[in-house]
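Spelled out from the first residue to the last, the chains are:
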Amino acid sequence: MNKVWKFHNDVDTDQIIASQYLLLPDIEAMKQYTFESLDPDFAKKAQPGDLIVAGENFGCGSSREQAPSVLKALGIKAVIAKSFARIFYRNSINIGLPVIVCKDLYEHVEDGGQADLDLSAGTVTVDGQVFSCTKLPEYMQNILNAGGLIASLNKEEA
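Residues numbered from 1 in each chain as written. Predicted model: local features only at pLDDT ≥ 70, side-chain atom pairs only at ≥ 80, totals over all residues. Heavy atoms only, no water.

Naming follows an unreviewed UniProt entry, where the chain appears as 3-isopropylmalate dehydratase small subunit of Anaerobutyricum hallii DSM 3353. For the record of the chain, the UniProt heading Sequence similarities (unreviewed entry) holds the text "Belongs to the LeuD family. LeuD type 2 subfamily." Recorded under Function (unreviewed entry), the UniProt text for the chain is reproduced unchanged: "Catalyzes the isomerization between 2-isopropylmalate and 3-isopropylmalate, via the formation of 2-isopropylmaleate." (UniProt positions renumbered as here; feature names shortened; annotations may be inferred.)

Draft legend 1. Just the packing of helix α5 (residues 86-95) against helix α6 (residues 138-146), in detail. The interhelical angle for the contact between α5 and α6, taken along N-to-C directions, is 55°, at an axis separation of 7 Å. If you check the angle between α5 and α6, you find them oblique. Taken together, the residues of α6 that come into contact with α5 (itself represented by Tyr-89, Arg-90 and Ile-93) are Met-140, Ile-143 and Leu-144. (Axes fitted to C-alpha atoms, helices over the stretch in contact; angles between N-to-C directions. Helix = DSSP H or I, 4+ residues; strand = E, 2+ residues; numbered from the N terminus. Parallel < 35°, antiparallel > 145°, perpendicular 65-115°, else oblique. Contact = heavy atoms within 4.5 Å.)

Draft legend 2. Summary view of the state of the cysteines. Enumeration over the complete set of coordinates arrives at zero disulfides. For Cys-60, which is in no disulfide, the shortest distance to another cysteine sulfur is to Cys-102 and amounts to 20 Å. Residue Cys-60 is classed as buried on the basis of its relative accessible area of 15%. (Disulfide = S-S within 2.5 Å. Buried < 20%, exposed > 50% of the residue type's maximum accessible area, 1.4 Å probe, protein only.)

Draft legend 3. Spatial organisation of the sheet that holds strand β6 (residues 123-126). Read across the open sheet, the seven strands follow the order β4-β3-β2-β1-β5-β6-β7; overall the sheet is mixed. If you trace the sheet from one side to the other, it starts and ends with β4 (99-101) and β7 (129-132), each paired once. Taking each pair of neighbouring strands and ignoring which way they run, the sheet shows an average axis angle of 35°. Across three bridges, strand β3 (residues 78-81) lies against β4 in parallel orientation. Considered in β4, the bridge of Val-79 is made with Val-99. (Pairing = 2+ DSSP bridges.)

Draft legend 4. Just the side chain of Asn-91, in detail. With respect to the element layout, Asn-91 can be found in helix α5. Looking at Asn-91, its side chain comes within polar contact range of the main-chain oxygen of Ser-63, at 3.0 Å. Look past the residues within four positions of Asn-91 in its chain and what remains in contact with it is Ser-63, Arg-64, Glu-65 and Pro-68. (Polar contact = N/O pair within 3.5 Å; in protein donor to acceptor, adjacent residues only side chain to side chain.)

Draft legend 5. Expanded view of α5. Residues of α5 that are buried: Phe-88, Tyr-89, Asn-91, Ser-92, Ile-93 and Ile-95. Gly-96 occupies a position one or two residues after α5 and carries a positive phi of about 95°.

Draft legend 6. Region of the structure containing helix α4 (residues 66-73). Turning to α4, its buried residues number three or more, namely Ala-67, Pro-68, Ser-69, Val-70 and Leu-71. Looking at the buried side of α4, the elements it contacts are α1 (13-16), α2 (27-30), β2 (51-54), β3 and α5. Following α4 by one or two positions, Gly-75 has its phi on the positive side, about 90°.

Draft legend 7. Main features of the UniProt feature "domain: Aconitase A/isopropylmalate dehydratase small subunit swivel" (unreviewed entry) in the chain. Within this structure's numbering, the places UniProt gives as "domain: Aconitase A/isopropylmalate dehydratase small subunit swivel" (unreviewed entry) are residues 40-97. Helix makes up 38% of residues 40-97 and strand 14%, and the two end C-alpha atoms of the span are 22 Å apart.

Draft legend 8. Examining the environment of Ser-62 more closely. Looking at the secondary structure, you find Ser-62 in the loop between β2 and α4. Judged by its relative accessible area of 33%, Ser-62 is partly exposed. As a C-alpha pair, Ser-62 and Ser-19 span 43 residues in sequence and 9.8 Å in three-dimensional space. Polar side-chain contacts of Ser-62 include one of 3.1 Å to the side chain of Thr-13. Looking at Ser-62, its side chain comes within polar contact range of the side chain of Arg-64, at 3.1 Å.

Draft legend 9. Broad picture of the side chain of Gln-141. Along the chain, the position of Gln-141 falls in helix α6. One polar contact links the side chain of Gln-141 to the main-chain carbonyl oxygen of Leu-119, over a distance of 3.2 Å. Apart from the residues lying within four places of it in its own chain, the contact partners of Gln-141 are Leu-119, Ser-120 and Leu-136.

So, in structure tokens, the structure goes:
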């Protein structure tokens, strides 16, 4: 089981990582400011394997790749939302962060609660109740398994 961090609809990339931190030298330096405007202590409290559950349109706003990158750097296992902004979705897959569309989960999970994600089955279990999510196509699973698009392409060339 994994801890759940629950966020609202329309979480934008500036809320994930504010623009003033994009000047920092790398993702490791940036990650401590993840969700700072929503929860100033998020980066200190988040643990590897935690899940983010959100409403509609997660990752809207600018197309900054740093937004999914700081989540991955903190060890977030996956972001599960009712829907995603397209560019955030693609950026996440490209850097190896699983993003799962699950329309019915949001109302059944609490912030700080527990959930179990089975990526290969495309399901999330909360309190014994199993929710079907959009199962990623095999090629996207392969990209995630390789650690991102570049790693996947490099693996194919080897």
